[in-house]
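Structural description and commentary
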Amino acid sequence: MAEEKKSKSIDQATVEMIDKASQDGARIVFERAETMKPCPIGSEGSCCNLCAMGPCRVPLPKGKEETPEEKKKRTGVCGATAETIAARNFLRKIAAGAAAHSDHGRRIAEAFLIAAKGESPEFQIKDEQKLLQLALDLGINIGDRSNNEIAIDIGEMLLGEFGKQEGELITLRKAPLKRQEIWREVGVAPRGIDREVVEAMHRTNMGVDQDYKNLLLQGARTALADGWGGSMIATELQDTLFGTPSPVLSQINLGVLKEDEVNLIIHGHEPQLAEMLAVTTQDPEMIEYAKSKGAKGINLAGMCCTANEILMRHGVPIAGNFLQQETAIVTGAVEAMVVDVQCIMQGLVDVASCFHTKVITTDSRAHIEGATHMEFDERKATESAKAIIKAAIDNFANRGKNVRIPNQKSDLIAGFSHETINYLLGGLFRASYRPLNDNIINGRIRGVAGVVGCNNARVTHDDIHVTLVKELIKNDVLVLQTGCAAMACAKAGLMVPEAAAEYAGEGLASVCEAVGIPPVLHLGSCVDNARILIAATAMVKDGGLGDDISDLPAAGAAPEWMSEKAISIGQYFVSSGVFTVFGVTWPTLGSKEVTDFLFKDMEEMYGGMWAFEPDPIKMAQLMIEHIDKKRKALGIDKARERVLYDMAMRRELDSV
Ligand code: BF8
């Protein structure tokens, strides 16, 4: 379990709003987390509530060694062992996480088809190059066909991947060949995305699969259907439809809210409505309407992963990450909190009742009692977006006097898609990962880490992310980020090029300065973790760093995870060959066997494995040790020793 946390947040804007919330009588997540302690049995995966004979609790006895006889009796009413219960709970988390990402991917595929068929004038295929690349990847005929004809084939083929009953997911082909072989050998190459999620739910139903190893195989297969399936489809189609991101300057934190404008926050995960809001809030008719109501303009800001989507493609500023969603309302300056799906706290409505903020739900899959529902229709995209913006503008007059917007906001550069990294490092005419690989081989860059995932009110907000990432870059590890983790580090000033000189080790800083990139790269939302898989594959394909993802000097982490989606992400990284460390808490500690299987045996199966370490410095050490182990196996540890020796020599000389 996580150690007692030092404070609620390291982010001053959040701390200020926590104080204001308590003065204003608004009960927000930080207060709720104090009164609602986590259930110790559930948090270690030892509670089974799959049937009405339970819930059964089978916690691991604390403080003493369990005898075999005692262990035998530690079962549920049906006889399910602690191993089966922990593994079933773990698999259900993966299934839920994979379902969330993949249902997002499905909606994008549907929106993509609406655009391709010309059924929505607002949505047009923006990235022709990516469209053609996708067609080539999928074996779709290009010929002299129009973009829309090609797009219809792509959309239909990828939509078909969700309900596919036989064969393997077509997008698995994007992985290194050796990795595909490993999946086939172990028997975890996913079939249709929905099929894997349904099978996971079936196998965890009362009285079905009762062998923890077999359950965890389905966990790997379901998670792979997310990472290399649903999430990857989401990212590829979003880029093609809305544009592949390229570097963009923006700002982040509650200080992006404006006192004299209508503040509209878009929160959730899917980009369709957010895209429309980004365009329609600029419409002169809407701005005039806002002025007619006494505001100087309309200020659109994002929250959570929807924010990352429109940051990456439009540079729309971000108001905050997961634990800041209610604090944004506490400013008293938000006219509308518009939400789509995922990571939306129900507490928003209660907090909004203390202020004038209108909480607007927009998706048929996510209603909240007490919120106003204004459904977004892609076929009437502008009309839907205008109605929502007008509702926000009309609410401006209701803003009270109790307004306090924190000053904090930080600059950041986002927009590092796989394609961008390719161009930036390799140059426009010879786009490649060669310079990255070369700098890893020569030791200037020690390795690459993906640091992703959520905030969690059980630990100090943003602290674990920022401490871990600072430690990694100090040790010359280039960090790739997505989700709320990226936002935490952006707020801490790590996503500007100047951060390289201030925080990175000498080797990493020299590369960042030469290329003009920050030492911490923002790759987008959580479905965009698929970009990390593609980047890792590109590194393998470029040569010199082994022939599989598991050979790379690379590691992953979700230091402040909270969502089931994070477990699915972690498992697809592990099953893709990546050593992956989670913080806060670990959901299988009730079974030593299951935990050992995830932490040790999986390395033999996949070349990647899980670890749990709540302390960010120790977490960084684990990741660096793994990176160094891989460098050694590749025979490139010598190069790095020489670089370190030179630096040490220089320091010696300096001190003389
Ligand atoms: O999908 S990082 S808190 S917002 S789950 Fe949610 Fe976690 Fe944030 Fe994005 Ni991802």
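Everything below is about the structure shown above.
Residues numbered from 1 in each chain as written. Predicted model: local features only at pLDDT ≥ 70, side-chain atom pairs only at ≥ 80, totals over all residues. Heavy atoms only, no water.

1. Digging into the pattern of salt bridges
Note the following rule: Whenever a carboxyl oxygen of Asp or Glu lies within 4 Å of a side-chain nitrogen of Lys or Arg, that contact is scored as a salt bridge. Runs of E in the DSSP output that reach at least two residues are strands. Runs of H or I that reach at least four are helices, and both are numbered from the N terminus. Only protein chains enter the accessibility calculation, which uses a 1.4 Å probe; a residue whose area is less than 20% of its type maximum is buried, one above 50% is exposed, and one in between is partly exposed.
Evaluated as defined, the whole model comprises 54 salt bridges. The closest approach of N and O atoms between Glu83 and Lys71, which form a salt bridge, is 2.9 Å. Of this pair, Glu83 sits in helix H5 (residues 82-116) while Lys71 sits in helix H4 (residues 68-73); the two residues are 12 residues apart in sequence, bridging distant segments of the chain. Note on Lys71: relative accessible area 27%, which makes it partly exposed. A salt bridge links Glu285 to Lys386, with the nearest nitrogen and oxygen atoms 3.0 Å apart. Of this pair, Glu285 sits in helix H12 (residues 284-292) while Lys386 sits in helix H16 (residues 381-394); the two residues are 101 residues apart in sequence, bridging distant segments of the chain. Since its relative accessible area comes to 21%, Lys386 is described here as partly exposed. Among the ionic contacts, a cluster of salt bridges with common partners joins Lys130, Asp137, Lys174, Glu236, Asp239, Glu309, Arg313, Glu419, Asp528 and Arg531.

2. Regarding the sheet that holds strand S11 (residues 447-451)
Strand pairing within a sheet occurs via backbone hydrogen bonds; the two strands may be parallel or antiparallel. To keep it simple, the criterion reads: When DSSP finds two or more bridges between two strands, those strands count as paired. The angle between two axes is taken between their N-to-C directions and runs from 0 to 180 degrees, where each axis is a line fitted to C-alpha atoms and a helix contributes only its stretch in contact.
Here 6 strands make up an open sheet; going across it, the order is S13-S12-S11-S14-S15-S16 and the pairing parallel. Either end of the sheet is taken by a strand with one partner, and the two such strands are strand S13 (520-522) and strand S16 (610-612). Neighbour to neighbour, the strand axes of the sheet diverge by 25° on average, direction disregarded. When strand S12 (residues 477-481) meets S13, the two strands line up parallel, connected through 3 bridges. Across the sheet, residue Val479 finds its bridge partner in S13, namely Val520.

3. Considerations on the coordination of the nickel atom of the ligand
To be explicit about the condition: With water omitted from the atoms examined, metal sites may look incomplete; donors here are N, O and S atoms no farther than 2.8 Å from the metal, or 3.2 Å in the case of Na, K and Ca.
For the nickel atom of the ligand, the protein supplies a single donor, Cys526 (SG), at a distance of 2.2 Å. Among the secondary structure elements, Cys526 is positioned in the loop between S13 and helix H23 (529-542).

4. Here we look at the nonpolar core
The condition that has to hold: Only buried residues count toward a nonpolar core. Its members are Ala, Val, Leu, Ile, Met, Phe, Trp, Tyr and Cys residues joined through side-chain atoms within 4.5 Å. Should any heavy atoms of two residues lie within 4.5 Å, those residues are considered in contact.
Formed by 168 residues in total, the largest nonpolar core has its most connected members in Ile154, Leu216, Trp228, Leu237, Leu472, Met602 and Met623. Each residue touching Met602, except ones within four places of it in the same chain, is listed here: Leu216, Gln571, Val574, Phe597, Gly607, Gly608, Met609 and Trp610. Counting 40 residues, the second-largest nonpolar core is a separate cluster that includes Val256, Cys304, Leu323 and Ile329.

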